[in-house]
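Chain by chain, the residues run as shown.
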Amino acid sequence: MLVILMLFTILSNATPTKLVVRAKAKDAKFIGSSIGGALVVVRKTTTGEILAEGMTQGSTGNTSLIMKEPHERYKSLVEDNTAKFEALLDIDEPVFVTIEVTAPFNQPQSSVRASTQLWLIPGKDIDEEGVVLEISGFIVNVITPQTHESLSGGKSNISANIVMMCGCPLTNGGLWDAEKIEVKAIIKQEGELLTELPLQVKTKPNTFEQEYAFSKAGNYEIIIYAYDARTGNTGVGKVNFMVSN
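Below you will find a few notes about this structure.

**Side note on the overall build of the protein**
When its secondary structure is counted, the protein shows two helices and 16 strands. Relative to a compact globule of 245 residues, whose C-alpha radius of gyration would be 18 Å, the protein shows 23 Å and is clearly more extended. In terms of overall dimensions, the protein has a C-alpha envelope of 80 × 45 × 25 Å along the principal axes. Counting across all 245 residues of the protein, residues that qualify as buried make up 40%. Residue pairs in contact within the protein that sit at least 24 positions apart in sequence constitute 67% of those at least 6 positions apart. For the protein, the accessible area works out to roughly 13,100 Å², and carbon and sulfur atoms hold 51% of it. The distance from the centre of the 22 positive side-chain charges to the centre of the 28 negative ones in the protein is 4 Å.

As structure tokens, this is what we get:
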């Protein structure tokens, strides 16, 4: 009975404390429902105990507010529907936590992990814009050739779908200008480098492509990378396939 009473007393002293976490793509917008969200895990740093976990949900945010308007101190970049993960934690004393974000969660070949640490203080909410973790990179999905496909010798199309980590599009002359991003296919046969082939967006947004003539039969690997020298954003996709005579 005494133990139960003590436990009730401890729990009754706990104070609900709100924590909002967001993931924002570098040089782009917030990672939300349209790309599958970001996985957020909040842990007690000293023990590794998980205090909260879940996915960011909501929109990528207001393009003009995030990408075009001047940023000022204390000026929020978010609106009510901007993607976030929100937790309500019952704590009775300050807790040092590690916040870990994996994003975009539904793109495991391109997802990256970012983390930070901070003190949570009972009753002192961290909301509004909340804790924002930056996610660097590009999502790179190789379209052709397909994995373990067998191609006939001769010309074949090499292509990849490439977008920002929030899913924002890469188009020629657009806000995220495809013509200013270096995209190349590193082509290897049996481990030997054959060439580095530049890829460009031609007819379809986000689709970087170029034809290449495969002259020899054998096992091939293509590594497609994207690089923006202005921001340092990078992304890579890989595929293995075969060429027959």
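Still to come is the rest of the account.
**A short note on the pattern of salt bridges**
Counted under the stated rule, the structure contains four salt bridges. As a salt-bridge pair, lysine 84 and glutamate 86 come within 3.2 Å of each other at their nearest N and O atoms. Overall, the relative accessible area of 28% leaves lysine 84 in the partly exposed class. When its relative accessible area of 41% is taken as the criterion, glutamate 86 is described as partly exposed.

Each value, and the rule that gives it
Residues numbered from 1 in each chain as written. Predicted model: local features only at pLDDT ≥ 70, side-chain atom pairs only at ≥ 80, totals over all residues. Heavy atoms only, no water. Helix = DSSP H or I, 4+ residues; strand = E, 2+ residues; numbered from the N terminus. Rg over C-alpha atoms; globule rule 2.2 N^0.38 Å. Buried < 20%, exposed > 50% of the residue type's maximum accessible area, 1.4 Å probe, protein only. Contact = heavy atoms within 4.5 Å. Areas by Shrake-Rupley, 256 points an atom, 1.4 Å probe, with all protein chains shown as cover. Lys, Arg positive; Asp, Glu negative; His and termini not counted. Charge placed at Lys NZ, Arg CZ, Asp CG, Glu CD. Salt bridge = Lys/Arg side-chain N within 4 Å of Asp/Glu carboxyl O.

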